[in-house]
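Examination of the molecular architecture
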Amino acid sequence: MKAIWLENNQLQLRTDVPIPEAPPGEALVRVVRAGICNTDLELIRGYYPYTGILGHEFVGIVEQASSQLLGKRVVGEINAACGKCRFCLSAQPTHCENRSVLGIVNRNGAFAEYLTLPEQNLHPVPDSVTTDVASFTEPVAAALEIQQQVSIRHDDRVLVVGDGKLGQLVAQTLALTGCDLLVVGRHQHKLANLAARGIKTGLADAVTDRAFDLSVECTGNPEGFAIARRALRPRGTLVLKSTYAGHLTFDASSLVVDEITLIGSRCGPFAAALEVLAAGKVDVEPLIQARYPLSEGLTAFTRAQERGVLKVLLEIDANS
């Protein structure tokens, strides 16, 4: 089968990768759509030592599985857990000590014609949700994870730093809480997507220091972290949503003095993500900037790495 393969920080389009065989308890999924994520780009830059097929945001059709999933259009949670370690036994499978992670850790990913995942990871896509929209389920779930970790009140002042793919989704999901929300970024055309939904936006100079209860850093760069940090009042909460290929340097003493709570945040609830997508509460279609067939996957990655580009989709099967 065709696949986008990463090895030694270099991408290649391979046509000789065997179709995977699903072990017991797993399903064979024919991939129809997959989205290029910032984590994929960070993996190329060396964020984590990975060799294999990239990709973890996908929609597919189940071709081999138990009867209740067979033939269904699905999305999939990316962490394949062991079910036996202390984290699995305490209902925290995303932190399984023995997990593999689709397209990231010890498991081939979604930029291919087929993939395998545990059946328990798969979620049928409602008929009302298009395949393009469903391809955003994983990042929408990641955005919703913030609300699983932090209680956000109607009167909380919340700042989102970053107007890219992740920042756009984080902003839209946080807006559902009714909080006093501000999103800052560098690109007026991207901020306009959010302003059109009634979300307050601005550039970095719109941020008042020490004025926010919660800030969410979605840029993955030190400048974004600095803005998010200085925006917080004492005893505020800073949520990090981005992965960093390099090292981040910051003033740890100021976190102690201001008693700042620092929270890392990644994978989130798929069922809730599908619900908000089905209800139209999050609008993802304006974020799609380009589509490429899998055979042009390397070109797709070149486009995805251009400054200011939002979501690039791979159409593994454009007819599904």
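Above this text is the structure in question.
Summary of the structure given here.

Calculation rules
Residues numbered from 1 in each chain as written. Predicted model: local features only at pLDDT ≥ 70, side-chain atom pairs only at ≥ 80, totals over all residues. Heavy atoms only, no water. Helix = DSSP H or I, 4+ residues; strand = E, 2+ residues; numbered from the N terminus. Rg over C-alpha atoms; globule rule 2.2 N^0.38 Å. Buried < 20%, exposed > 50% of the residue type's maximum accessible area, 1.4 Å probe, protein only. Contact = heavy atoms within 4.5 Å. Pairing = 2+ DSSP bridges. Axes fitted to C-alpha atoms, helices over the stretch in contact; angles between N-to-C directions. Parallel < 35°, antiparallel > 145°, perpendicular 65-115°, else oblique. Left-handed = near helix turned anticlockwise from the far one by under 90°.

Below, the discussion takes up the overall build of the protein chain. Counting its regular elements, the protein chain contains ten helices and 18 strands. For 320 residues, the compact-globule estimate of 2.2 N^0.38 gives 20 Å, and the protein chain sits close to it at 19 Å. By principal-axis analysis of the C-alpha atoms, the protein chain measures approximately 55 × 45 × 40 Å. By the burial criterion, 53% of the 320 residues in the protein chain qualify as buried.

Here we take up the side chain of threonine 39. Relative to the elements of secondary structure, threonine 39 occurs in helix H1 (residues 38–44). Setting aside residues no more than four positions away along its own chain, threonine 39 makes contact with Tyr47, His56, Ile104 and Thr243.

Before going further, it helps to spend a moment on the sheet that holds strand S11 (residues 157–161). What the six strands build is an open sheet, ordered S13-S12-S11-S14-S15-S16; its pairing is parallel. With partners counted over all chains shown, the strands left at the sheet margins are strand S13 (200–202) and strand S16 (261–264), one partner each. Taking each pair of neighbouring strands and ignoring which way they run, the sheet shows an average axis angle of 20°. Where S11 lies against strand S14 (residues 212–217), four bridges are found, and the strand directions are parallel. Opposite valine 161, over in S14, you have glutamate 217 as the bridge partner. Here helix H5 (residues 165–175) sits on the sheet and contacts S11, strand S12 (180–184) and S14; the angle it forms with S11, its principal contact strand, is near 165°.

For the rest of this paragraph, the subject is the packing of helix H4 (residues 137–149) against H5. Packing of H4 against H5 leaves a shortest axis separation of 9 Å and a crossing angle of 50°. Relative to H5, H4 is oriented oblique. In the crossing of H4 with H5, the sense of the turn from one axis to the other is right-handed. Residues Pro139, Val140, Ala143, Leu144, Ile146 and Gln147 of H4 pack against Leu169, Val170, Thr173 and Leu174 of H5.

Located in the positive-phi region is asparagine 8, a residue other than glycine, with phi close to 55°. In this fold, asparagine 8 is placed in the loop between strand S1 (3–7) and strand S2 (10–14). Judged by its relative accessible area of 65%, asparagine 8 is exposed. In this structure, alanine 91 takes a positive phi of about 60° despite not being glycine. Along the chain, alanine 91 turns up in the loop between helix H2 (86–89) and strand S8 (100–101). With relative accessibility at 65%, the residue alanine 91 sits in the exposed group.

Geometry only, nothing functional implied.
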